[in-house]
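Report on the structure
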Amino acid sequence: MKHRLLHTALGLAALLCGSCMDYGPLEEEPFAVSGRGLFITCEGNFTSDNATLSYYDPAARRVENEVFLRANGMKLGDVAQSMTVRDGKGYVVVNNSGVVYVIDTRTFRVTGLIEGVVSPRYLHFVNDTTAYLTDLYDPHIAVIDTRNNRIRRRIPTNGHRSTEQLVQWGDEVFVNCWSYDRKLLVIDTRRDRLVDSIEVGWQPVSLAVDRRGKLWTLSEGDGNESPELRRIDASTRRIERIYPLPAGMQPRQLALNGTRDTLYFIARDIWRMRTDDESLPAAPFLPYAGTLYYGVGVDPLTSEVYVADAIDYVQHAAVYRFTPRGVPVDTLRVGITPGSFCFTP
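Residues numbered from 1 in each chain as written. Predicted model: local features only at pLDDT ≥ 70, side-chain atom pairs only at ≥ 80, totals over all residues. Heavy atoms only, no water.

Some points on the sheet that holds strand β12 (residues 166-169)
- Strand order in the open sheet formed by 4 strands is β12-β13-β14-β15, with antiparallel pairing between adjacent strands. Across the chains shown, the open sheet's two edge strands, defined by having one partner strand only, are β12 and β15 (193-199). Mean inter-strand twist for the sheet, computed between neighbouring axes without regard to direction, equals 25 degrees. (Pairing = 2+ DSSP bridges. Helix = DSSP H or I, 4+ residues; strand = E, 2+ residues; numbered from the N terminus. Axes fitted to C-alpha atoms, helices over the stretch in contact; angles between N-to-C directions.)

So this is what it looks like as structure tokens:
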């Protein structure tokens with residue numbers, strides 16, 4: 001798939017917004033946000049080139065939609081998968097466009113571009129100058145030099161084609177292999193090498209590591225195997241507990257609160273449990289009520305909970321903001337299929 005070249009893309013004065021939001025042809029719009037904020041990546045529809053980026057100011061309770069298009073005069077691309085913020089830069093991973101845009105988190109302007117990947121999914125900073133980038137269709141993890149946004153090397157994944165989320169404990173990064181797989185890979189960051197793997201449930205879809213060094217993974221299961229939540233000791237790589245989930249729960253997305261001792265996840269409902277609990281909670285944090293829960297994120301400073309409602313994957317979706325006790329605070333209208341949340345410092 002051909003990627004937009006940065007010098008060509010930034011030279012475009014305006015683009016039609018298409019089916020995302022009816023702004024019409026745009027000139028580049030100046031932004032200069034301050035204070036803490038929240039980026040929401042909206043996937044859009046596969047092959048429709050209608051991914052968008054929203055920005056929310058929690059203090060003012062104000063949302064700005066289509067900020068990438070408005071700031072740069074060009075569309076974001078096809079399927080905004082995830083975003084990572086580091087040192088005033090936002091790394092927006094656009095999966096089906098095969099590109100990672102680097103933006104200034106205050107102006108939303110593009111400052112760099114990472115290319116040379118097939119179907120990128122998630123980016124994780126190993127240290128100040130190095131990041132790992134996973135891929136849906138490449139049996140390698142790209143090692144990015146973030147000083148020049150170039151691929152320094154590629155880590156072979158021993159035949160595991162699909163790599164997804166990344167979490168780190170000490171010098172090791174754990175990566176889940178989602179598509180038709182059941183492995184977590186262990187990468188030694190000192191050598192940029194695959195050193196081990198851990199077998200878990202079928203199609204591990206999300207990862208998190210808590211304050212005690214416990215690694216959590218959700219697995220989707222299939223017709224022969226129920227979905228589940230697992231707790232693993234990151235230091236010993238020993239599976240400590242398996243929490244079976246009822247069939248048909250469609251688990252996705254793990255998130256931790258600010259003190260990293262409380263876990264949230266989607267399994268039809270929104271569930272919450274302490275990381276030292278030995279059993280699943282009896283009742284959900286937010287019960288299913290016809291809501292298509294698609295994403296969950298927790299503010300690392302306030303522990304407020306943000307929940308994405310994809311509605312029908314076609315219309316502009318909603319994000320709901322709650323206190324840690326589950327009291328509604330705000331409702332945002334964003335782009336199509338909001339999938340991930342990225343908080344600025």
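With respect to the sheet that holds strand β3 (residues 62-64)
- On the basis of which strands lie adjacent, the open sheet formed by 4 strands has the order β3-β2-β1-β27 and antiparallel pairing. Each edge of the open sheet is held by one strand with a lone partner, namely β3 and β27 (338-343). Across the sheet, the mean angle from the axis of one strand to that of its neighbour is 20 degrees, orientation sign disregarded.
- Relative to β27, strand β1 (residues 38-42) is paired through 5 bridges, and the arrangement is antiparallel.

Regarding unusual backbone geometry
- Positive phi values are uncommon outside glycine, yet Thr 47 reaches one of about 70 degrees.
- Mapped onto the fold, Thr 47 is located in the loop between β1 and β2 (52-57).
- Judged by relative accessible area, which is 57%, Thr 47 ranks as exposed.
- The phi angle at Arg 268 is positive, at roughly 70 degrees, despite the residue not being glycine.
- With respect to the secondary-structure elements, Arg 268 resides in the loop between β21 (262-267) and β22 (269-274).
- Classification of Arg 268 by relative accessible area gives partly exposed; the value is 42%. (Buried < 20%, exposed > 50% of the residue type's maximum accessible area, 1.4 Å probe, protein only.)

Things to note about the side chain of Ser 54
- In this structure, Ser 54 sits in strand β2.
- Overall, the relative accessible area of 0% leaves Ser 54 in the buried class.
- One polar contact links Ser 54 to Asn 65, side chain to side chain, over a distance of 2.5 Å.
- Setting aside residues no more than four positions away along its own chain, Ser 54 makes contact with Leu 38, Phe 39, Ile 40, Cys 42, Val 63, Glu 64, Asn 65, Val 67, Val 334 and Gly 335. (Polar contact = N/O pair within 3.5 Å; in protein donor to acceptor, adjacent residues only side chain to side chain. Contact = heavy atoms within 4.5 Å.)

Looking at the layout of surface pockets
- Estimated volume of the second largest pocket: approximately 370 Å³.
- If you go around the second largest pocket, you meet 21 residues; those closest to its centre are Gly 248, Met 249, Gln 250, Pro 251 and Arg 268.
- Of all elements in the fold, only β20 (251-256) and β23 (293-298) reach the threshold of two or more residues within the lining of the second largest pocket.
- Looking at the lining of the second largest pocket residue by residue, the classes come out as 10 nonpolar, 6 polar and 5 charged. (1 Å grid on protein atoms, 1.4 Å probe; cavity = no way out; pocket = protein on both sides within 12 Å on 5 of 7 lines; lining within 4 Å. Points joined across faces, edges and corners; volume = space filled by probe spheres on them. Nonpolar A, V, L, I, M, F, W, Y, C, P; charged D, E, K, R; others polar.)

Notes on the pattern of salt bridges
- The tally for this structure, following the rule as stated, stands at 28 salt bridges.
- For Arg 191, the salt bridge identified is with Asp 188, shortest N-O distance 3.1 Å.
- On the basis of relative accessible area, Asp 188 is assigned to the buried category, the value being 5%.
- Glu 240 is the salt-bridge partner of Lys 214, the closest N and O atoms lying 2.7 Å from each other. Of this pair, Lys 214 sits in strand β17 (residues 214-219) while Glu 240 sits in strand β19 (residues 238-244); the two residues are 26 residues apart in sequence, bridging distant segments of the chain.
- A relative accessible area of 10% means that Lys 214 is categorised as buried.
- Bridged by salt links that share partners, the residues Lys 214, Arg 231, Asp 233, Arg 238, Glu 240, Arg 241 and Glu 278 form one connected network. (Salt bridge = Lys/Arg side-chain N within 4 Å of Asp/Glu carboxyl O.)

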